[in-house]
Every structure is written in structure tokens, then in C-alpha cells.
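Overview (structure and organization)
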Amino acid sequence: MIDATDRKILNRLQDGFPVSPRPFAAVAAELGITESDLIDRLAAMKANRTITRFGPFYDAAAMGGAFCLCAMQVPEPDFDIVTERVNAHPEVAHNYARDHRLNMWFVLATETQSGIADVAKRIESETGLPVLLFPKEHEFFIGFRVAA
Amino acid sequence: MNIDATDRRLITATQAGLPLVPAPYAAIAADLDLPESEVMNRLKTLQESGVIRRIAVAPNHYKLGMTANGMSVWDVTDSAAIELGEQVGALDFVSHCYLRPRALPDWPYNLFAMIHGTDRDEVASKRTEIRAILGDSLRADDILYSTKILKKTGLRLGKG
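Since this is a predicted model, take the numbers as computed values, not measurements. (Residues numbered from 1 in each chain as written. Chains lettered and ligands numbered in written order. Predicted model: local features only at pLDDT ≥ 70, side-chain atom pairs only at ≥ 80, totals over all residues. Heavy atoms only, no water.)

With respect to the pairing of strand β3 (residues 94–99) of chain B
Two faces make up the sheet, and in a regular strand the side chains alternate between them. What counts here: Remark: exposure states derive from per-residue accessible area (1.4 Å probe, protein chains only) relative to the maximum for the residue type, with buried under 20%, exposed over 50%, and partly exposed in between. Secondary structure is summarised from DSSP: a helix means a run of H or I of at least four residues, a strand means a run of E of at least two, and numbering begins at the N terminus for each. By the convention used here, strands pair only if DSSP detects at least 2 bridges between them.
With five of its six residues buried, β3(B) lies for the most part within the structure. Pairing analysis gives two bridges linking strand β6 (residues 138–139) of chain A to β3(B), with the strands arranged antiparallel. For A:His138, the partnering residue across the bridge sits in β3(B) and is B:Leu99. Across five bridges, the pairing between β3(B) and strand β4 (residues 111–117) of chain B is antiparallel. Of the residues in β4(B), the one forming a bridge with B:Tyr98 is B:Phe112.

And the structure:
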């Protein structure tokens, strides 16, 4: 389990990692620990999967591309084969099984706006199932910080 | 913003993460055969233009004990949706909050909010809080728990 120092690190680093020559030293000074302690703890938390990623979060939309949440109603007996066919597309960034009539939810990330409809059509023809598209119309500011 | 070939190399080199070394930008610069100052300036420009949303850790909710993660969905009157969505997004247990088109008749919901908690009871009580905020503008709601992660790779930019 993580200790109090790890929690401080997680709370501090959910935004605003500096772009400067010694960024870990700057954050470590704020937290009252050493640069090497900060780096070692981040490496340990990455190794044990407390942290899934550390680095820049890129927005495909700002680069001219697009994201779209999609959903399908997949008959249970076909679930594995449909999963395989959907996941085979590199544009599928995440895919979750959910407990609902619409039981498969995935996110498409494409480098162009028209890419979303193209990939969705291909998935429809490969699976014989309709793909519902839920593009974001408005994104709300998030106050969320994992209270680690 | 238009990204050039060097930005694309920089994005490709950093999209899986920053190196955990004292001078990470110098390490990336050495890999790309660029000056460290250029790497830092390009990252700052990408941040200012919104291509980089943040430079940060992504904590694993499950490892932090938040094992119940539900996608709550709400059918909210269109005229009130923006104002109410802002209030829902500001809640400290909501990690993503979006307005999306309905897909009638299959799907009547237009407001999506991801809720995280230590168990489903906690998530249920948080849903009750959201219900109170939405009040008379709420027509129907549901929650979809994830039962399995089928794929999770995040954005992977091609070599271009």
C-alpha cells in the first residue's frame, strides 16, 4: 500500500508538472523530499501500477483529430468474437464491458474528423451490429482530484 | 493548431510517458537529436494551444481502493443541461462530465458523469447527490458499471 508521502506525490502531480530543466527537483522541494526520493517513488508506483501513466496527456481533438464514445448491443454468445473484431482497430483506445442492454462501450480516437464515421462503418460491416455514436457536445470543467 | 513533423516526433516520444530521470526533457532531446531548450519550448507551446491537456500522473483508481466506477447517465431538460452539467462536473467524485446527443429511442440520456467510489453503495449515495442537484430538470437516469476492461491503450499517434 502507499504511504503518506506517496499520497502527497499523487495529489500534487495530478496536474502541473513543470517544464524546466530539473522538474523533479522543483516538485520535490515543494513536497519537502529529495529529488531522488521522488523519482524512486514514482518508479515504484509505476511498477506496481498505482500510477498507470506519467507524462503529457495529449488531446487528439486539438491536433485536428477526434474522439468519440461508441456503444453496441452485442448478443452474449458473440461477445468474444465481437470484442476481438472491435479491438483489432488501432483507433479503439479503450473498450469496456458494461452491465446494460448496450453492453460494449468503446472510445474511438482518430487523427481526422471523418475517421470516426469511417471506423464505425467498418466495425458495423465486420460485426453486423449497429454502432451508436455519442460524440461530446460539451465538456464540463472537472474539479476531480483523486483524494489519494 | 497545426503540428509539424518535429512536434509529431516529440509526441510519439512522450505519449507513453516521461522518463523518470532528473533531467527528463534533456533525455528526450538527446533521443530526438534536438536541443533541450527546443523540446521544452515546443512542449510549452503544445500546452498553451491545448494539444497537451496536462503533464501529470494518471492514478489507478482500483489500486487506490476506488473499485466501484460507474458511468452515470441522465436525461436532463435541454434548456437546463449546461448550467446543471457545470454543477455536476464540479463535484469532487466526478472524473469526467459531458453532454452528448441522445440516441432515441434506444438511449434517452444526454448528460454523462463518471462516478468513483470504494463500493457500489458509496456510488449509489453519490448518485443521490446528483439527483438532488438535477431536481425537476431530471426525467430519467441510469448507471452502467464496467464489468471488464476489454482494451485500454489510450491515444497512439501513428508515425505520420
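Still more ground to cover, so stick around.
Points about the domain arrangement of chain B
We count it as follows: For every domain, the bounds stem from an assignment made automatically or drawn from a database.
When cut into domains, chain B gives domain 1 (5–48) and domain 2 (68–145). Its C-alpha centre places domain 1 of chain B at a distance of 38 Å from the equivalent point of domain 2 of chain B.

Focus: the domain arrangement of chain A
Under the domain assignment used here, chain A contains domain 1 (4–47) and domain 2 (60–134). Here the C-alpha centroids of domain 1 of chain A and domain 2 of chain A sit 36 Å apart.

Points about the pattern of salt bridges
To be explicit about the condition: Put simply, a salt bridge is a Lys or Arg side-chain nitrogen that is within 4 Å of an Asp or Glu carboxyl oxygen.
Applying the stated criterion across every chain, the model contains 18 salt bridges over all chains. The shortest N-O distance in the salt bridge between B:Asp4 and B:Arg42 comes to 3.0 Å. One end of the pair, B:Asp4, is in the segment before α1 (5–14); the other, B:Arg42, is in helix α3 (residues 36–48), and 38 residues separate them in sequence. Residue B:Asp4 is classed as partly exposed on the basis of its relative accessible area of 36%. In this structure, the salt-bridge partner of B:Asp141 is B:Arg131, at a minimum N-O distance of 3.1 Å. Here B:Asp141 is found in strand β5 (residues 138–152), whereas its partner B:Arg131 is found in helix α5 (residues 120–134), with ten residues between them in sequence. One salt-bridge network, in which partners are shared between bridges, spans A:Asp3, A:Asp6, A:Asp37 and A:Arg41.

As for the nonpolar core
The cut-off we apply is this: Residues grouped as a nonpolar core are buried Ala, Val, Leu, Ile, Met, Phe, Trp, Tyr and Cys residues, joined through side-chain atoms within 4.5 Å. Two residues qualify as a contact provided that any one of their heavy atoms is within 4.5 Å of a heavy atom in the partner residue.
In this structure, A:Phe17, A:Leu42 and B:Tyr25 are the most contacted members of the largest nonpolar core, which totals 38 residues. Among the elements of the structure, α1 (4–12), α2 (23–31), α3 (35–47) and β1 (51–58) of chain A together with α1, α2 (24–32), α3 and β1 (52–59) of chain B are those that each provide at least two residues to this core. Here A:Leu42 is in contact with A:Ile9, A:Leu13, A:Phe24, A:Ile51, B:Leu20 and B:Val57, once residues within four sequence places are set aside. In this structure, B:Ala68, B:Val88, B:Ala113 and B:Val123 belong to the second largest nonpolar core, which totals 23 residues.

Side note on the interface of chain A and chain B
Formally: Here's the idea: put two parts together, see how much 1.4 Å probe accessible area each one loses, and the total over both is what we call buried area.
The interface is formed by 72 residues belonging to chain A together with 82 residues belonging to chain B. Both sides of the chain A and chain B interface together cover about 6700 Å² of buried area, and 63% of this is carbon and sulfur. Taken as a group, A:Val19, A:Tyr58 and A:Phe140 account for 12% of the area that chain A buries against chain B, more than any other trio of residues on that side. Here chain A and chain B share three salt bridges between them.

Comments concerning the environment of B:Asp141
All names here are of chain B. As a reminder of what qualifies: In protein, a polar contact means a hydrogen-donor-capable atom and an acceptor-capable atom, both N or O and within 3.5 Å, with residues adjacent in sequence counting only if both atoms are side-chain atoms; elsewhere, any N or O pair within 3.5 Å suffices.
Each C-alpha atom of the pair Asp141 and Leu111 lies 9.3 Å from the other, and the pair is 30 residues apart in sequence. Aside from chain neighbours lying at most four places away, what touches Asp141 is Val73, Trp74, Tyr109, Arg127 and Arg131. Among the polar contacts listed, one links the side chain of Asp141 to the side chain of Arg127, at a separation of 2.7 Å.

Quick look at the sheet that holds strand β3 (residues 92–98) of chain A
We apply this condition: Here, axes are lines fitted to C-alpha atoms. For helices the fit covers the stretch in contact, and angles between N-to-C directions go from 0 to 180 degrees.
Read across the sheet, nine strands follow the order β5(A)-β2(A)-β4(A)-β3(A)-β5(B)-β2(B)-β4(B)-β3(B)-β6(A) without closing on themselves; strand pairing throughout is antiparallel. The open sheet has two edge strands with one neighbour each: β5 (132–134) and β6 of chain A. This element, α5(B), spans β2 (68–76), β3, β4 and β5 of chain B of the sheet and lies at about 145° to β4(B).

Details of the state of the cysteines
Quick reminder of the rule: To count as a disulfide, a pair of cysteine sulfur atoms needs to be within 2.5 Å.
If you walk through the whole model with that rule in mind, you get zero disulfides over all chains. Left unpaired, B:Cys97 is separated from the closest cysteine sulfur, that of A:Cys68, by 17 Å. Using a relative accessible area of 1% as the deciding quantity, one classes B:Cys97 as buried.

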